Amino acid sequence: MPKAIYEGIYREIRSRIINGTYAFQEMLPTEAELTAEFGCTRTVRLALSMLADGMFVQPIHGKGVRVIWLKGETDMLGALEEVESFGEFAKRNNAVASTEVKSFEHLVCTEQLSRRLGFKTGEQLIRVVRVRSLNGNARQVDHGYFLESIAKGLTPEIAADSIYGYLEHKRGVKVMASRRTVSVELANDEDCSYLDLGKYNCVAVMESQSYTSDGILFEVTHTRTHPEIFHYRVNSKR
């Protein structure tokens with residue numbers, strides 16, 4: 001069964017939950033009703049399983065499926081469980097994303113960079129510094145290092161659009177996993193010059209090491225984010 005079919009159903013039902021069409025603590029339409037709307041029973045069940053895994057709904061034996069997703073205080077919510085681009089994050093949060101490339105250079109990985117980033121000494125890298133904005137407000141600064149053999153052909157123009165889009169759709173790269181470290185640091189001069197921090201004197205910092213489906217480290221990005229949009233929800237089960 002094509003993955004896109006049940007993922008499309010999943011996204012549609014999730015959208016209805018988020019916009020309040022299916023409200024918190026209410027029961028979803030029955031499986032028969034959803035099947036009549038979307039088609040095959042199996043695709044609906046797979047979509048509902050994905051929603052349950054994401055803690056949007058809770059199946060209740062003999063009764064149906066209850067909505068358990070509750071909108072938080074913030075309109076911006078990240079996804080730690082997924083490898084998500086800035087553009088995908090903006091789209092999911094109904095915001096308009098834009099990017100300004102501040103620096104773009106080719107370099108060779110030194111021993112010092114190797115110890116800090118994990119790439120092999122001597123490997124060719126591309127370093128990109130980007131300021132990412134949401135609805136016209138600068139909210140994130142990315143310092144990214146990309147393995148040139150994977151990101152071959154990358155240009156500043158592509159970096160201003162979507163590096164992941166280029167890698168996946170033009171280079172055929174399958175982005176599989178990312179290891180992340182999250183911390184909070186006092187804002188430095190660069191943060192203050194790029195981001196309108198206002199009352200804040202700190203930024204949220206996330207370092208991501210991303211791997212292809214072959215287990216190759218192809219990206220290390222150091223992201224410094226305005227506190228107003230650094231909100232994540234992690235689902236835990238007992």
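Before reading further, recall that the structure is shown in the block above.
Fair warning: this is a prediction, and the values are worked out from it, not measured in the lab.

Q: Quick one: what's the story with the overall build of the protein, residue by residue and with numbers?
A: Counting its secondary structure elements, the protein contains 8 helices and 8 strands. Its C-alpha atoms give the protein principal-axis dimensions of about 60 × 45 × 35 Å. Across the 238 residues in the protein, those meeting the buried criterion constitute 38%. Of the contacts formed within the protein by residues at least 6 apart in sequence, a portion of 58% connects residues at least 24 apart. Only carbon and sulfur atoms are counted for the fraction: they give 49% of the accessible area of the protein, which is about 13,600 Å².

Q: I'd like to hear about the pairing of strand β7 (residues 202-212), residue by residue, with values.
A: With respect to burial, β7 is a largely interior element, 8 of its 11 residues being buried. Bridging between strand β6 (residues 175-186) and β7 involves 11 bridges; their strand directions are antiparallel. Its bridge partner being in β7, Val182 is matched across the sheet by Met206. Pairing between β7 and strand β8 (residues 217-225): 8 bridges, direction antiparallel. Considered in β8, the bridge of Tyr211 is made with Leu217. The antiparallel hairpin formed by β7 and β8 contains 4 residues in its connecting segment, where Gly215 sits at a positive phi of about 80°.

Q: I'd like a rundown of the pattern of salt bridges, residues and numbers included.
A: Evaluation of the coordinates by the stated rule reveals 10 salt bridges. A salt bridge links Asp191 to Arg224; the nearest nitrogen and oxygen atoms lie 2.9 Å apart. A residue pair is termed long-range when its members are at least 10 positions apart, and Asp191 in helix α8 (residues 189-194) and Arg224 in strand β8 qualify at 33 residues. Comparing Asp191 with Arg224, the two get one shared label, buried. It is possible to trace a salt-bridge network through shared partners that takes in Glu12, Arg16 and Glu37.

Q: Which residues make up unusual backbone geometry, and what values go with them?
A: In this structure, Met55 is a non-glycine residue whose phi angle is positive, near 65°. Turning to its location among the elements, Met55 is positioned in the loop between α3 (41-53) and β1 (57-60). Residue class for Met55 comes out partly exposed when judged on its relative accessible area of 23%. The phi torsion at Asn135 lies on the positive side, around 50°, for a residue other than glycine. With respect to the secondary-structure elements, Asn135 resides in the loop between β4 (124-134) and β5 (137-147).

Q: Give a description of the environment of Arg45 that names residues and reports values.
A: With respect to the secondary-structure elements, Arg45 resides in helix α3. Between the alpha carbons of Arg45 and Ala32 there is a distance of 11 Å; along the sequence they are 13 residues apart. In terms of polar contacts, Arg45 uses its side chain to reach the side chain of Glu31, at 2.9 Å.

Q: Which residues make up the side chain of Ser208, and what values do they have?
A: Mapped onto the elements of the fold, Ser208 is located in strand β7. If we ignore the near neighbours within four places in the chain, the residues touching Ser208 are Ser178, Arg179, Arg180, Glu219, Val220 and Thr221.

Cut-off values and rules
- Residues numbered from 1 in each chain as written.
- Predicted model: local features only at pLDDT ≥ 70, side-chain atom pairs only at ≥ 80, totals over all residues.
- Heavy atoms only, no water.
- Helix = DSSP H or I, 4+ residues; strand = E, 2+ residues; numbered from the N terminus.
- Buried < 20%, exposed > 50% of the residue type's maximum accessible area, 1.4 Å probe, protein only.
- Contact = heavy atoms within 4.5 Å.
- Areas by Shrake-Rupley, 256 points an atom, 1.4 Å probe, with all protein chains shown as cover.
- Pairing = 2+ DSSP bridges.
- Salt bridge = Lys/Arg side-chain N within 4 Å of Asp/Glu carboxyl O.
- Polar contact = N/O pair within 3.5 Å; in protein donor to acceptor, adjacent residues only side chain to side chain.

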